[in-house]
Amino acid sequence: MFRAAIFLALVIGAMAACSPARATILWQESGPILAHEDGEGTDILHGAARRDSSASDTLYFKFHVNPLSDASLEPYSAGFQLFEGTNENLGVGNSLKAWAYSAFNTSEMGSNNQVAGDMDLHSASPESYEPGRYLSYELPRRGIERTIVFKVQYIPGGDDLVTVWMNPNLNPGATEDNQVTNLITHFKAGASFDQIRLRHHGNGDGWVFSNMAVASSFDDFIIIPFWETWWFRALVAAALLIWVGGTVRFFERRKYQLRLQRAEQERTLERERARIAQDLHDDLGSSLTRLTLLSGLVKADKDNPEQVEAHANKLSAAADQTVRALEEIVWAVRPGSDTLQSLLDYIAHFANELFDGNTTHCRLDLPHDLPPLPLLPDMRHNIFLIVKEALTNALKHSGASEVLVQAKISGRTLEIVVRDDGKGFDPKSLAEGWRNGMGNMRRRTDAMGAKLEMQSVPGKGTTVTLSVNLDKEAQIAKGNK
């Protein structure tokens, strides 16, 4: 993110450097301000800018007016006027005797004017006082708003050069040089100032002034939509770059995650293959070897019926054990066996077969209709083998009349309890088979990050409790080890 922020700053800085230079707004007042019968008016510039007779630069002035009277019916004067101290200098608006948008206090007099210093302003909307004959100016009309821009080229010690644009084009692409000529007026005037006053006297309800400004360039008055400004374009470009970068980063991360998932699936498959191979070798291999040996003994003792019967019984038991081992392997690899419900169903199946025909009764308290919670193969296999070991020990060693298998779900935790009412045991006096079985159970428990508790009191039975966190991420984390 820090690198992205630096890159964003560099992009915006580069675009700012490449953007056309803007001049300076020296002063602006958005208004609106009503001037009505206010005599000499009140300064609104408040010292923001000034020029005296020694000035030699160029300034641009702009204001927008909404006449609240009609000059053709109600003679009045109104204007945006430059003052130097108490001296009245150039004013632009409506001179009392001109009855038109005009300048006053100039060094010249317009061809259509009657008062020295008055200068009617050329307009692209000229007045017509008889059919087919138009004047070069227009009269202020109630409700018809206009924008006026004028330029002052200061001449040290002499009359300043003034250019006025009556309602110029200020849209994007407009410049000082491409304005139509019939709205431009040139004349000379004294335009030194340290104040700007808005004035009105005479008839009508006054003028409302707004959007006033003083600048050093005509371009500062061009109305640029925000979407065409350099900063907006810079932000859009930066946002686009960030979006592209974020999209690329997202797909790269997604691609990386998919590679990790595939690698994890491959590791899981390899572990499952290794486990199946080990089960085939350990369970089926040893069982088939035992069957082969017992078959050999049957052949060797074929003339001894009692021995043949004993060997046949052992052969039958070994065959049953082999079938169970094969069932376990088939269950482990069968599609659809990787859910919690499948695990509990198979535990129930195994317990019923294990205790079938024995005096010890196995009671099952297992939930049905569980949500389809997935289990990784290693976790599913380890849980089953721990429960299998606990049930086998209870059947072989406890001498119990009843064994209870109970399972319950609490949040994301599976708890399986195997409890018998047998003779119990003292941990210090465990037989070697018991100790080996418990060691295997604890190793499998540790491999899952689970918890195994075993409680036994001589004469009061044994309880084995396995608690497993079923959270998928926990399973994956354990599986990656």
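All values derive from a computational prediction rather than experimental measurement. (Residues numbered from 1 in each chain as written. Predicted model: local features only at pLDDT ≥ 70, side-chain atom pairs only at ≥ 80, totals over all residues. Heavy atoms only, no water.)

Focus on the overall build of the protein
Of regular secondary structure, the protein possesses seven helices and 19 strands. In the protein, the share of contacts with a sequence separation of at least 24, taken over all contacts with a separation of at least 6, comes to 68%. Per element, the accessible surface of the protein, about 26,300 Å² overall, is 54% carbon and sulfur. (Helix = DSSP H or I, 4+ residues; strand = E, 2+ residues; numbered from the N terminus. Contact = heavy atoms within 4.5 Å. Areas by Shrake-Rupley, 256 points an atom, 1.4 Å probe, with all protein chains shown as cover.)

Considerations on the side chain of serine 69
Along the chain, the position of serine 69 falls in the loop between strand 3 (58-67) and strand 4 (76-84). Classification of serine 69 as buried rests on a relative accessible area of 0%. Excluding anything up to four places from it in sequence, serine 69 contacts Glu74, Tyr76, Pro140, Arg141, Arg142, Asn203, Gly204, Asp205 and Gly206. (Buried < 20%, exposed > 50% of the residue type's maximum accessible area, 1.4 Å probe, protein only.)

Here we look at helix 4 (residues 340-355)
The first and last C-alpha atoms of helix 4 sit 23 Å apart over 16 residues, in line with the 22 Å expected at 1.5 Å per residue. Of all 16 residues in helix 4, 12 are buried, a share of seventy percent or more. For helix 4, the full list of buried residues reads Leu340, Gln341, Ser342, Leu343, Leu344, Tyr346, Ile347, Ala348, Phe350, Ala351, Leu354 and Phe355. Glycine 357 lies just past helix 4 and shows a positive phi near 85°. (Expected span 1.5 Å × (residues − 1).)

Description of the environment of serine 467
By the secondary structure assignment, serine 467 is in strand 19 (residues 462-469). It is 8.8 Å that separates the C-alpha atoms of serine 467 and valine 417, two residues lying 50 residues apart in sequence. For serine 467, the residues in contact, after removing those within four places along its chain, are Thr413, Leu414, Glu415, Ala450 and Lys451.

Some details on the pattern of salt bridges
Applying the stated criterion across every chain, the model contains 12 salt bridges. Measuring nitrogen to oxygen at the nearest pair gives 3.0 Å for the salt bridge that ties glutamate 88 to arginine 199. Here glutamate 88 is found in strand 5 (residues 87-94), whereas its partner arginine 199 is found in strand 13 (residues 195-202), with 111 residues between them in sequence. Residue class for glutamate 88 comes out partly exposed when judged on its relative accessible area of 37%. (Salt bridge = Lys/Arg side-chain N within 4 Å of Asp/Glu carboxyl O.)

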